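# Chains, contacts and geometry: an overview
Below, each chain spelled out in residue letters.
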Amino acid sequence: MFNTEFLDIPALDSANGTVSLPGSKSISNRVLLLAALSQGTTTIHDLLDSDDTRVMLAGLQQLGCRITPSNVAPGQPLQITGIDGFLPNNARGQLFLGNAGTAMRPLTAALAVLGGDFEMTGVPRMYERPIGDLVDALRQLGCAIDYLKDEGFPPLKIGQPDFSQLGDAPIQVRGDVSSQFLTSLLMALPLLATDRDITIEVVGELISKPYIHITLELLARFGIAVKNDNWQRFVIPAGSRYQSPGSIHVEADASSASYFIALGAITADATEQNSIKILGVGKDSIQGDIRFIEAAQAMGAQVESGPNWLQVSRGVWPLKAIDLDCNHIPDAAMTLGVMALYANGTTTLRNIASWRVKETDRIAAMAIELRKLGATVEEGADYIRITPPASKQAWKAASIHTYDDHRVAMCFSLAAFNPAKLPVRIEDPKCVAKTFPDYFEALFSLCETERERIPVICIDGPTASGKGTIAAEVAKALGYQLLDSGALYRITGLAASRAGLALDESSEETIAEMALEMPVRFDAQQRVWLGDEDISLAIRSEEAGMNASRVSALPAVRSALVDLQLAFQHLPGLVADGRDMGTVIFPHAPLKVYLWASAQCRAERRYKQLISKGISANISTLLADLEARDARDMNRATAPLKPAEDSLQLDSSQMTIEEVVAQVLSWWQERQLFGRA
Ligand SMILES: O=C(O)C1=C[C@@H](OP(=O)(O)O)[C@@H](O)[C@H](O)C1
Ligand SMILES: C=C(OP(=O)(O)O)C(=O)O
């Protein structure tokens, strides 16, 4: 996940490849709750691991459900033993449900029916998302629910219900603000339908209907056969009792698929090399958002589908503008808003009033952010109309505010395909954690752009200038890759000697080939990884130093390491630390910093560092060593240490690490186009 203040996405050219999507949020949270209410143990495969499912899991644990492992582990199923319709005696407390509508609403209904003593809390935005229609319906039954803050909104207090007045009259619920209220009743009321039918009646219009279909499908899997009378009346039969299906599999998220379907539709001309295969969800999905495919096809996408897969490529270009009622695909429809930027006219998305009460006011947010990119946007109470920038020149480099809304962050990343080849800044990219924590990693793994557009920040300087620390901090702040070029010979020496190769001419070609393939990674803690192994210490040994100098004498290895260094330049950008990054390896880097400090100051820093590690040291020896090393580095024949002509020099002698990092980041910001007229 990109845990940075913002993420700058360079202009992208094309996309190709296969993506396996994480599990559906709507299915995951329903299955979790249903398994928790059931008799028996349910093994859940491919459960989504995201903010929304974590709050649900934590809530269920608080209620006393046995869950193993206690958190979702990649590739491992999760097991829940249900409470079989009864809360343990001591179940009470405060449940924090973040901004997860699929946790807040269904858990409120289930706990209000089960009875207890609970406070349902969440993030501030949750306290602006309506729940009044659900509370009204539950109160008809005899549930005890109080508002702790504003009438009609969480936080809520749930107490002991009184079902003594419960008759046969249908429970009425409004469905025009959120379908989640009806879903919540459908999942909670089987608990009451032990000896009588329970009927739920929808008053007025029902929005987001396909989500009710998901609910009914999953209820059936857990043994509850609800009678659906034209989406207006739902009868839960007497004798209902939740029964675990034993094992259940969560489909990939069809709303998350929308970004990759759109990606397939807008990437360069359809060829073998330009198409996106999406794994985990296919046309026969139970999720309503799968019908996003039809909207994408109407705009021009070519879509093929099989069991649990989709393959998408560009069909018509520019895309065709559409005028569509999006009530059935409220979440995925936001993606159409960004696809509209690539259409040949004005696109209108209608019947989306519910956008205003989701993670943010999504109609307002989309309008503001699309305008920043140069589009003309008209918004109404329940629609949005988008006309793309009039020409290539009319596109603007925008910093997209994301309003803590995962979908704003995800759909606007697709604006990086703009014809003006401008980068896009996504503010607060970690908000995608609500449903798709690794969204940007997945996106970058498929996308390509010209090498020159992937920014490189070079930080060169003499030994002990602090460039390793600064480079790591700058990379962390920007979410960029990190290259510690100085370590590469040591890593090569280590890998070659481990492979049993002679470190001389006889193995030169083999070592060179191996060097190019080494799975090396440098992390923000300045650790060095070879595959899954932390080799930070191993490469600092005396022997590793000697091996490094032996492999560095082999010309084929030197040249392979140049290629390896260049290969570190991938999306979204790179911070490269070394001695010849700006002068030799990345001569076209848009920012080159030459970081130095007086020899005296560097000797003192190193002295303090060694002493703090309990290693004895002598300042004057350290100083003499540093000066000798400087002289060698500056006078060597190949790639001597010197500031690149176009570098900015920074004397850090009197500066703290934070000040140096801030200076480099501020130089970087000055070079960006975002928000400029
Ligand atoms: O039931 C569900 O899983 C959902 C229903 C929809 O909400 P509304 O019914 O409020 O439109 C959707 O937007 C939300 O992301 C998930
Ligand atoms: C509206 C959404 O979420 P929630 O489940 O919180 O309603 C969404 O994921 O787009």
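Residues numbered from 1 in each chain as written. Chains lettered and ligands numbered in written order. Predicted model: local features only at pLDDT ≥ 70, side-chain atom pairs only at ≥ 80, totals over all residues.

### Digging into the overall build of the protein
If you tally the helices and strands in the protein, you get 21 helices and 33 strands. Against the globule reference of 26 Å for 677 residues, the protein gives a C-alpha radius of gyration of 29 Å, in line with a compact fold. Along the three orthogonal principal directions, the C-alpha set of the protein runs to about 95 × 60 × 50 Å. Among the 677 residues that make up the protein, the fraction classed as buried is 49%. The contacts of the protein with a sequence gap of at least 6 include a subset with a gap of at least 24, amounting to 75%. (Helix = DSSP H or I, 4+ residues; strand = E, 2+ residues; numbered from the N terminus. Rg over C-alpha atoms; globule rule 2.2 N^0.38 Å. Buried ≥ 20, exposed ≤ 12 C-beta atoms within 10 Å, placed from the backbone. Contact = placed C-beta atoms within 7 Å.)

### A word on the sheet that holds strand β5 (residues 66-68)
Read from one edge of the open sheet, 4 strands run β5-β6-β4-β15, paired in mixed fashion. Where the open sheet ends on each side, the last strands, each with one partner, are β5 and β15 (247-249). On average, adjacent strands in this sheet sit at an angle of 20 degrees to one another, irrespective of strand direction. Where β5 lies against strand β6 (residues 78-81), 3 bridges are found, and the strand directions are antiparallel. Bridge pairing in β6 places Thr68 opposite Gln79. (Pairing = 2+ DSSP bridges. Axes fitted to C-alpha atoms, helices over the stretch in contact; angles between N-to-C directions.)

### Concerning the sheet that holds strand β23 (residues 399-400)
With mixed pairing, the 3 strands of this open sheet are ordered in space as β1-β24-β23. This sheet does not close on itself; its edge strands, each paired only once, are β1 (6-9) and β23. With 4 bridges joining them, β1 and strand β24 (residues 424-427) adopt antiparallel strand pairing. Paired with Leu7 across the strands is Ile426, a residue of β24.

### Considerations on the domain arrangement of the protein
What the domain assignment lists for the protein is domain 1 (6-21 + 252-450), domain 2 (25-249) and domain 3 (452-670). In this structure, domain 1 and domain 3 have C-alpha centres spaced 39 Å apart. Taken together, the contact pairs 9 residues of domain 1 with 7 residues of domain 3. The dominant element in the side of domain 1 that touches domain 3, judged by the number of residues it contributes, is β1, at 3 residues. Looking at the side of domain 1 that touches domain 3 residue by residue, the class counts come to 6 nonpolar, 1 polar and 2 charged. (Domains from an automatic or database assignment. Nonpolar A, V, L, I, M, F, W, Y, C, P; charged D, E, K, R; others polar.)

### Let's talk about the nonpolar core
Inside soluble globular proteins, nonpolar side chains tend to come together where they are buried. One finds Ile261, Ala262, Ala265, Met339, Phe412 and Leu414 to be the most contacted residues of the largest nonpolar core, which totals 81 residues. Here this core gets 9 residues from one element, more than from any other, and that element is helix α7 (residues 254-266). Setting aside residues up to four positions removed in sequence, Met339 forms contacts with Ala262, Ala265, Ile266, Met299 and Leu319. Grouped together as the second largest cluster of nonpolar side chains are 71 residues, Ile80, Ala100, Met187 and Ile224 included. (Core = buried A, V, L, I, M, F, W, Y, C linked by C-beta atoms within 7 Å.)

### Topic: the site of ligand 1
The local shell around ligand 1 holds 13 residues, among which Ser26, Ser178, Ser179, Ser208 and Tyr211 are the closest. Partitioning the shell around ligand 1 into residue classes produces 3 nonpolar, 9 polar and 1 charged. Of the residues that make up the shell around ligand 1, three or more belong to each of domain 1 (6-21 + 252-450) and domain 2 (25-249). (Near = placed C-beta within 6 Å.)

### Looking at the pairing of strand β22 (residues 383-387)
Two faces belong to every sheet, and in a regular strand the side chains alternate between them. Burial along β22 is one-sided: Ile384 and Ile386 are buried, while Tyr383, Arg385 and Thr387, pointing the other way, are not. Bridge count between strand β20 (residues 347-350) and β22: 4 bridges; the pairing is antiparallel. Its bridge partner being in β22, Thr348 is matched across the sheet by Arg385. Two elements, strand β21 (residues 376-379) and β22, share 4 bridges in a ladder whose sense is antiparallel. For Thr376, the partnering residue across the bridge sits in β22 and is Thr387. Turn length for the β21-β22 hairpin, with the two strands adjacent in sequence and antiparallel, is 3 residues.

### Structural notes on the environment of Glu119
You can see Glu119 is positioned in strand β8 (residues 117-121). Taking the number of C-beta atoms within 10 Å as the measure of exposure, Glu119 has 16 and is therefore partly exposed. Separated by 11 residues in sequence, Glu119 and Thr108 place their C-alpha atoms 9.3 Å apart. For Glu119, the residues in contact, after removing those within four places along its chain, are Gln94, Leu95, Leu148, Pro155 and Lys157.

### Let's talk about the UniProt feature "binding site: 3-phosphoshikimate" (unreviewed entry) in the protein
The UniProt entry lists Lys25, Ser26, Arg30, Ser178, Ser179, Gln180, Ser208, Asp331 and Lys358 under the feature "binding site: 3-phosphoshikimate" (unreviewed entry), expressed in the numbering used here. Tracing the backbone through its elements, the reader meets Ser26 in helix α1 (residues 25-37). Within the secondary structure, Asp331 is located in the loop between β19 (323-325) and α9 (333-339). For Asp331, a count of 28 C-beta atoms within 10 Å puts it in the buried group. Apart from residues no more than four positions distant in its own chain, Asp331 is found in contact with Ser255, Asp289 and Arg407. (UniProt positions renumbered as here; feature names shortened; annotations may be inferred.)

### As for the site of ligand 2
Lining the immediate surroundings of ligand 2 are Asn99, Ala100, Gly101, Thr102, Asp331, Lys358, Glu359, Arg407 and Thr435. Broken down by class, the residue content of the shell around ligand 2 amounts to 1 nonpolar, 4 polar and 4 charged.

### Focus on the packing of helix α4 (residues 132-141) against helix α5 (residues 180-188)
In the contact formed by α4 and α5, the axes pass within 9 Å of each other and the chain directions differ by 35 degrees. Taken as a pair, α4 and α5 cross one another with a handedness that is right-handed. Contacts from Asp133, Leu134 and Ala137 in α4 reach Phe181, Ser184 and Leu185 in α5. Residues of the contact of α4 with α5, tallied by class, amount to 4 nonpolar, 1 polar and 1 charged. (Left-handed = near helix turned anticlockwise from the far one by under 90°.)

### What to know about unusual backbone geometry
Of note, the amide linkage connecting Pro154 to Pro155 takes the cis form, showing an omega dihedral of 0 degrees. Structurally, Pro155 can be placed in the loop between β9 (145-147) and β10 (156-158). A cis amide bond links Leu571 with the next residue in sequence, Pro572, at an omega value of 0 degrees. The topology assignment puts Pro572 in the loop between α17 (555-567) and β31 (574-578). With phi around 45 degrees, Ser208 is a residue other than glycine that occupies positive phi space. With respect to the secondary-structure elements, Ser208 resides in the loop between β12 (198-206) and α6 (210-221).

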